[in-house]
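# Understanding the architecture of this molecule
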Amino acid sequence: MNTLSENNLAENTREPILVRLRRTYKVGYDAVSMLVYLLLVFAWGLWVYPLGRDYAAMADLAGTMPRVVAPVFAWQMDLFGAWTMGYILINLFLLYGCMLATYGFVNLTVRGPIWLGVLAATLFMANPVHTEAVLNISGMVDLLPAFFALMSLAFYAAHIRFPARRRIAISVMAFFIAVAPFKANLALVLVIALYEWLIVPREDRAPIRLIPFALITILAAATHFRALADQPYDLGVMFTPLYFVFYPIGFLPETARTLHEVPALSWTAGGAVLVCVALIYRKARRPAILFGLLGMVGLRLYHGGPEVDPVHMTGGGQLLLESALFCLAFVALCHRIMDHPKWRSVVVWATTVLAITFFVLQIRVNLAWHHAGQAVQEVQAAAQAHEEARPDTPFALAPDFQYHLGAPMMLSEALSHDTPFSQQVPHVALFPLHYKRPGVMDIEVLEWAPHYALLEIRGKRPIDVVPWPYGWSLERDTSEYPEATVTLTMVEEERFRVRIIPRNQRLPEYLLHGPPEWDIRRP
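These notes cover the structure that comes with them. (Residues numbered from 1 in each chain as written. Predicted model: local features only at pLDDT ≥ 70, side-chain atom pairs only at ≥ 80, totals over all residues. Heavy atoms only, no water.)

## Considering the pairing of strand β10 (residues 484–492)
Selection criterion: Should DSSP find at least two bridges between two strands, the strands are taken to pair. Labels follow the DSSP assignment, with helices taken as runs of H or I lasting at least four residues and strands as runs of E lasting at least two, numbered in each case from the N terminus.
Alignment of strand β9 (residues 478–480) against β10, held across three bridges, turns out to be antiparallel. In the strand pairing of β10, S479 is matched with V486. Between the end of β9 and the start of β10, which pair antiparallel, lie three residues. One ladder, built from eight bridges, connects β10 with strand β11 (residues 495–502); its direction is antiparallel. In the strand pairing of β11, T485 is matched with I501. Between β10 and the antiparallel strand that follows it, β11, lie two residues; E494 among them carries a positive phi value of about 55 degrees.

## A few points about the sheet that holds strand β8 (residues 452–458)
Here is the rule we go by: Between the N-to-C directions of two axes lies an angle of 0 to 180 degrees, each axis being a line fitted to C-alpha atoms and, for a helix, fitted only over the stretch in contact.
Strand order in the open sheet formed by five strands is β7-β8-β11-β10-β9, with antiparallel pairing between adjacent strands. Of all strands in the sheet, those bounded by a partner on one side alone are β7 (442–449) and β9. Each strand axis lies, on average, 20 degrees off the axis of its neighbour in the sheet, ignoring direction.

## A short note on unusual backbone geometry
Test applied: Burial here depends on accessible area, computed with a 1.4 Å probe over protein chains only, as a share of the maximum for the residue type. Under 20% is buried, over 50% is exposed, and the range in between is partly exposed.
A398 connects to P399 through a cis peptide bond whose omega is 0 degrees. If you trace the backbone, P399 turns up in the loop between β1 (395–397) and β2 (400–401). Phi is positive for D392, which is not a glycine, with a value near 60 degrees. Using a relative accessible area of 65% as the deciding quantity, one classes D392 as exposed. In this structure, M410 is a non-glycine residue whose phi angle is positive, near 45 degrees. Positionally, M410 belongs in the loop between β4 (407–408) and α22 (411–415). For M410, a relative accessible area of 17% puts it in the buried group.

## Here's the deal with helix α19 (residues 287–299)
Each α-helix winds once per 3.6 residues, and so residues spaced three or four apart point in a common direction. We apply this condition: Given the number of residues in a helix, its expected span is that number minus one, multiplied by 1.5 Å. A contact between two residues is defined here by any heavy atoms of the two lying within 4.5 Å.
If you check α19, its first and last C-alpha atoms are 18 Å apart, about what 13 residues at 1.5 Å a residue would give, namely 18 Å. Here α19 has its buried residues at A288, I289, F291, G292, G295, M296, G298 and L299. Tucked inside the fold, the buried residues of α19 contact α7 (84–110), α12 (188–199), α16 (243–246), α18 (263–284) and α20 (320–337).

## Thoughts on the packing of helix α3 (residues 26–42) against helix α21 (residues 344–389)
Working note: a packed helix pair is described by the angle between its axes plus the distance between those axes. Our working rule: These descriptions rest on fixed angle ranges, namely under 35 degrees for roughly parallel, over 145 for roughly antiparallel, 65 to 115 for roughly perpendicular, and the rest for oblique. Classification convention: Asp, Glu, Lys, Arg as charged; Ala, Val, Leu, Ile, Met, Phe, Trp, Tyr, Cys, Pro as nonpolar; all other residues, Gly among them, as polar.
Axis separation between α3 and α21 bottoms out at 8 Å; the angle between their running directions is 45 degrees. On the basis of their axis angle, the class for α3 and α21 is oblique. Packed against α3, whose contacting residues are Y37, L40, V41 and F42, the element α21 presents F359, Q362, I363 and N366 at the interface. Class assignment of the residues belonging to the contact of α3 with α21 gives a composition of six nonpolar, two polar and no charged.

## Re the packing of α19 against α20
Keep this limit in mind: Handedness of a helix crossing follows the sense of rotation of the near helix relative to the far helix, less than a right angle counterclockwise being left-handed and clockwise being right-handed.
One way to put it is that α19 packs onto α20 with a least axis distance of 7 Å and a crossing angle of 165 degrees. Viewed along their axes, α19 and α20 adopt a mutual orientation that is roughly antiparallel. Crossing of α19 against α20: the hand is left-handed. Contacts between α19 and α20 involve A288, I289, F291, G292, L293, G295, M296 and L299 on the former and, on the latter, L321, E322, L325, F326, L328, A329, A332 and L333. Of the residues that constitute the contact of α19 with α20, the class distribution is 13 nonpolar, two polar and one charged.

So this is what it looks like as structure tokens:
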């Protein structure tokens, strides 16, 4: 007996320390490893400057945020001021909470090897489709409702697996916090119902458990009745964003425009995806797969948010819950494939490569956000210098850069509000254009007069830098903006010109040059 114990001790001593820790403290080890992955991916984003929707959110908390979030974000603004890292750290804390809830929910539902929960939580964390939820300092608008929703699902699953009144009570409380103030989660009750129908063993099903969740949903729906009535129930707007949960790099501009202009092609593509999903489920026959996929669809019955840009995926922060359910369905499929011994190592290697790919994609996006933030700061400095030299004299912001590799530069937004990070500066935003680095795209102002301006863009086609839904491609295409009418006057191979005519006033005398690296040549 002593000899056997000594042999076991010797074998354990020869094991690498990480293997021994993983064997002894499985859940704790997984929690630490997920935190390491989170920091590995998002440490690059801790210094991202506010972009896009952040400025309107900071300037008008009551008008842009739910009542529950507004006071919390106001507290953040009082605490952190212009320290961006503080806001991002809070977002990462909430994202880590979502990862832990996803980890528990997946393991309780799939009931496979515990590392599948780590895989699901990691893929959920590194999915670029909801980058804005983390890197926008106002990202808690998306993260808070997702966190409480996932907590509700995790405790509901824990109650099913290990029945206890306190678990179902916590699930109901988390559900109330997730649904009552956040209209985006009104369809969460459908996910609970699907869990009861598809995951809970038939002998253990108890529809009576759904009553408190249904009552809370009815109360929340009555509170948000106007939002429900005003929402455009467009099937494309509702369900197309689900495609970007598993293809998180967006469409090419040509693809987005074609699908928009030819609805029959969009429906055909969507039908092909559904057929593929049905065939996969027919072969796999795992209820968890069907639950995850139907849960994604159920959540989109009331999407509760803006449209998701199919090129840059702006608005993708609303897809956090859908992403978590997709990850559950995906690891359930992996678990099914691993039933065959010869495929186990293939699944492990394939999912490892997939996770690393998501890491690389997300780090690339983080760096793009960082670069966009630097450009915004330089424009703000140039605008402030102009204001000090010529007080109350508007300048022309042309072009008004919108995106850089998915990062929402939105220059005009950064100059239109008084916030800890910006001062409102009089300006006129003209000609929205998507940013490309110098050397890839060059801009020259050929003419600038009170009632007329002509710009030439070289190195890119119109559809590459003014993509859908703006959708330019042909000469004389015109877009109407509040401040001006912008018309495409010439199209050649990787070169085009635009004419800007003010609608209600003269063009400002001065054109903002922007950072030196842009090298926008003026007459």
